[in-house]
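Inside the fold
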Amino acid sequence: MREDLKRLLAAVERFEEVFGRWMETQEESDHVQSRGLFPTVWPKDGQDQAAVRMLELDVAEAAGAAARAVTVAGAQIVVAGIGVLDPIENWSLMSAPRALFTPQEVRTTAAKVRGRLSAMIDEAEAVSESAVPGFAPSELHAVIWSAAAAHWTTHQYRVAVRESAEALTVHWKGILGRNDVDDTVFWQQTLSPGEPGSGKPKLAWPGDPTDKTNKSMRGGLEPLAQALKNLATGLNLTVRNVTTHTRDELTEQEGMERLAAYSYFARLLDQCEIRRSEEDEGE
């Protein structure tokens, strides 16, 4: 864990170095000056174009290596009308019309990631020195940690849990096309036993029904579905709603336990298959 974080930190520092060298060849603007219609960077006059292209390749390589660090640190940016994007991975969009990012936003993101990774490395080293088994929140399910990371690293544990709970529900509502119901009802309907109804797909444990092992699994499908349904409903009521309706801060331990429950639940859901009604399948 600690060595992985150090490698990510080194990748971000490498990106900052080559990005800075490339920016020396570019004119720099922002969204106000570009009026939202033009690029926020363009080559300075008199530049050796071959040299600029080589620098761009260096930046692209460094961005590829550093991109995972943005997710681990939870430093993505929400772009109106587009969604959540990684400014480091998408640095080249600055050169396009209606540029989505500015050079300063890329620099700020890199600095933010570097700071959060440094803090995570310090915490990992402190745990190692204490000889207490460590907990690596960045190894939680990607949907959970991506939503929680920005708040977790600033010790806003209550908000981190709330955001991860919301993100998991939004994630599966989007996949199943179920934005027509409240969260608790959504989980109750999606994980209940029985056949899916029109417009109401369900998640079910996968497997070939003729396989002996899968027959055993399918024999336990209903209690598993009931357990998953209860877990989803229980987590939604006791974690999400409580963290939404109160401003009392969670401790780090309380936050870890709640995030771990959501992460485990998310991994179970990933193993399920989506079942749709014959009517929906025929559309």
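The structure this text deals with has already been given above.
I will try to describe carefully the structure that is included in this document. Quick caveat, the model's predicted, so the values are computed rather than measured. Starting afresh in each chain, residues are numbered from 1 along the sequence in its written order. In keeping with the predicted nature of the model, local features appear solely for residues at pLDDT of at least 70, side-chain atom pairs appear and are counted solely at 80 or more, and the whole-chain, interface and lining totals rest on all residues. Side-chain figures throughout are based on the complete set of non-hydrogen atoms in the structure, without hydrogens or water.

1. What to know about the environment of A147
By secondary structure assignment, the location of A147 is in helix α5 (residues 142–152). Only protein chains enter the accessibility calculation, which uses a 1.4 Å probe. A residue is then buried if its area is under 20% of the maximum for its type, exposed if over 50%, and partly exposed in between. A147 gets classed as buried once you look at its relative accessible area, which sits at 19%. Along the sequence, A147 and A167 sit 20 residues apart, while their C-alpha atoms lie 6.3 Å from each other. By definition, residues are in contact when any of their heavy atoms lie within 4.5 Å. Other than its neighbours up to four places away in sequence, A147 contacts E163, S164 and A167. Secondary structure is summarised from DSSP: a helix means a run of H or I of at least four residues, a strand means a run of E of at least two, and numbering begins at the N terminus for each.

2. Describing the pattern of salt bridges
Basic side-chain nitrogens of Lys or Arg form a salt bridge, by our definition, when they fall within 4 Å of a carboxyl oxygen of Asp or Glu. Scanning the entire structure with this criterion turns up nine salt bridges. With its nearest N and O atoms 2.9 Å apart, the salt bridge here joins D183 to K173. Residue D183 is found in helix α7 (residues 183–190), and its partner K173 is found in helix α6 (residues 157–176); the two are separated by ten residues along the sequence. With relative accessibility at 9%, the residue K173 sits in the buried group.

3. Notes on unusual backbone geometry
With glycine set apart, most residues show a phi of negative sign, and most peptide bonds adopt trans. One non-glycine residue, R98, adopts positive backbone phi at about 50 degrees. Topologically, R98 is positioned in the loop between β4 (83–85) and α4 (103–130). Residue R98 is classed as exposed on the basis of its relative accessible area, which comes to 56%.

4. With respect to the layout of surface pockets
The calculated volume of the second largest pocket comes to roughly 310 Å³. Mapped by element, the contributors of at least two residues to the lining of the second largest pocket are α5 and α6. With five residues, α5 is the largest single contributor of residues to the lining of the second largest pocket. The class makeup of the residues in the lining of the second largest pocket is seven nonpolar, four polar and two charged. Of the grid points, spaced at 1 Å and generated over the protein atoms alone, those admitting a 1.4 Å probe that cannot get out make up cavities, while open sets with protein on both sides within 12 Å along at least five of seven lines make up pockets; any residue with an atom within 4 Å of a point is treated as lining. Grid points are joined across faces, edges and corners, and a volume is the space filled by probe spheres set on the points. Three categories are distinguished: nonpolar for Ala, Val, Leu, Ile, Met, Phe, Trp, Tyr, Cys and Pro, charged for Asp, Glu, Lys and Arg, and polar for the others, with Gly belonging to the last.

5. Focus: the nonpolar core
Definition used in this section: a nonpolar core is a set of buried Ala, Val, Leu, Ile, Met, Phe, Trp, Tyr and Cys residues joined via side-chain atoms within 4.5 Å. Counting residues in hydrophobic clusters, the biggest one holds 63 residues, and the most contacted among them are F15, W22, L117 and L168. Non-local contacts of W22, meaning those with residues more than four positions away in its chain, are made with V41, V52, L55, E56, V59, W91, M94 and S95.

6. Some thoughts on helix α1 (residues 2–23)
When the terminal C-alpha atoms of α1 are compared, their 31 Å separation across 22 residues agrees well with the 32 Å that a helix rising 1.5 Å per residue should span. Restricting attention to buried positions, one finds in α1 the residues L5, L8, L9, A11, V12, F15, V18, F19, W22 and M23. By definition here, a helix of n residues has an expected span of 1.5 Å times n minus one.

7. Concerning the side chain of R116
Assignment of secondary structure puts R116 in helix α4. Since its relative accessible area comes to 15%, R116 is described here as buried. When neighbours within four sequence positions are excluded, R116 is seen to be in contact with A73, G74, A75, A150 and T153.

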